[in-house]
Amino acid sequence: MSSHKKYNVAVVGASGAVGEELFRVLEEVKFPIGELLPLASARSVGEEIECQGKSYKIEELTEEVFEGRDIDIAFFSAGGSISAKFARYAVEGGAVVIDNTSHFRMDPKVPLVVPEVNPEDIELWEDTGIIANPNCSTIQMVQLLKPLHDLYGIKRVDVSTYQAVSGAGKAGMEELVRQMQAFFEFKLDEAKVEAFAHQIALNVIPHIDVPQENGYTKEEMKMVNETSKIMHTDFAVSATCVRVPVLRSHSESITITFGENVDVNVDKAREVLGNFENVTVIDNMEKNEYPMPIISTDTDETYVGRIRKDLFADNILHLWGVADQVRVGAATNAVRIAQKWIKLEEYN
């Protein structure tokens, strides 16, 4: 991006999976960084990170670390409890906080933003100094829902997710690798189960996050509630979130019900999806072309395919979406928020 002004940036959770990806994205988009302050817990202090050709040493996140540092933008991706405790100190130090945890998402005073979908909400940041980054599964879904909602008007969405182990952080990825290694050594029954409720290698687990009284999980309810807030709509959403033995990139099977009088045109649906910002259509069954995690991983696009009309109802559309949840679902979305925020600040 082009900007005449440089911005001082802090990254909280600098040694974590999303933090590491943030540095990659900031470098790739040539983000206008003045000073960069990587922050983490005491055990990571002194470790070095590289960004835009420079090396920086990680400092400890404390209540005083933002004082006098003139930080403009602070990315938080170190867990909800960390954001709950420390985000206000970044705001008091003069920074806008872009928070990648679930802590602020449903706060009515905090905008919840996917820049392709509701960029206008960024203007609300001044109420609290905080902009929330949605759940990874929600981000890639609403990017696909938005152009279709504008086209036809959505009444209901039913989604099943196929979520990669990296959604549980480095520990989730390492556990899958260890269990697969144990499988090939004929020792899978000895492999530890720690990051997930059950063995993840050669298995799928229909359980992500804490069970709720209504029978859904917290992850599923995030998708329900966040979609409504981001899209400013009240259409029904039901989600089933499943962990699968894939290292990276979440997949989603989405069924969209439009108004009763809608007669879905699949070609038109493909067209509006293909024209939407940061969405790529891959949809040719005859050539075995459709979105898959191996296509989306390490990219900043949300891919969609298997677009088809329901066999029994003209107002129902089915599709399959895939995106790299560490990038599109976290780091890239956060950086895109920052880029939009900069444009807003420079315009004002």
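Note: the structure precedes this text.
The paragraphs below set out a description of the structure included in this document. Being a predicted model, the structure only gives us computed values, none of them experimental.

Most pronounced at Asn333, the bend in helix α8 (residues 327–347) amounts to some 40 degrees. Within α8, 16 of the 21 residues are buried, which leaves it mostly tucked inside the rest of the structure.

Once that is clear, we can look at the pairing of strand β4 (residues 54–57). Note: strand β3 (residues 48–51) against β4, four bridges, orientation antiparallel. Bridging across to β4, Glu48 finds its partner in Lys57. Following β3, the chain reverses through two residues before pairing antiparallel with β4; Gln52 in that reversal takes a positive phi of roughly 55 degrees.

Along the chain, Ile337 falls in helix α8. The exposure class assigned to Ile337 is buried, which follows from its relative accessible area of 0%. Each C-alpha atom of the pair Ile337 and Pro293 lies 24 Å from the other, and the pair is 44 residues apart in sequence. Those residues in contact with Ile337, other than ones at most four positions away along the chain, are Ile98, Val113, Pro115, Ile122, Ile131, Ala132 and Asn133.

Glancing now at the sheet that holds strand β6 (residues 73–76). Taken in spatial order, the six strands line up as β5-β2-β1-β6-β7-β8 in an open sheet, and their pairing is parallel. If you trace the sheet from one side to the other, it starts and ends with β5 (59–60) and β8 (130–132), each paired once. Relative to β8, strand β7 (residues 96–99) runs parallel, the two being bridged by three bridges. The residue bridging Val97 from the neighbouring strand is Ile130, located in β8. Helix α2 (residues 80–92) rests against β1 (7–12), β6, β7 and β8 of the sheet, and its axis sits at about 175 degrees to β6. Along the sheet face, α8 touches β1, β6, β7 and β8 and points at about 160 degrees away from the line of β6.

Rules used throughout
Residues numbered from 1 in each chain as written. Predicted model: local features only at pLDDT ≥ 70, side-chain atom pairs only at ≥ 80, totals over all residues. Heavy atoms only, no water. Bend = angle between axes of the 7 residues up to and from the residue. Helix = DSSP H or I, 4+ residues; strand = E, 2+ residues; numbered from the N terminus. Buried < 20%, exposed > 50% of the residue type's maximum accessible area, 1.4 Å probe, protein only. Pairing = 2+ DSSP bridges. Contact = heavy atoms within 4.5 Å. Axes fitted to C-alpha atoms, helices over the stretch in contact; angles between N-to-C directions.

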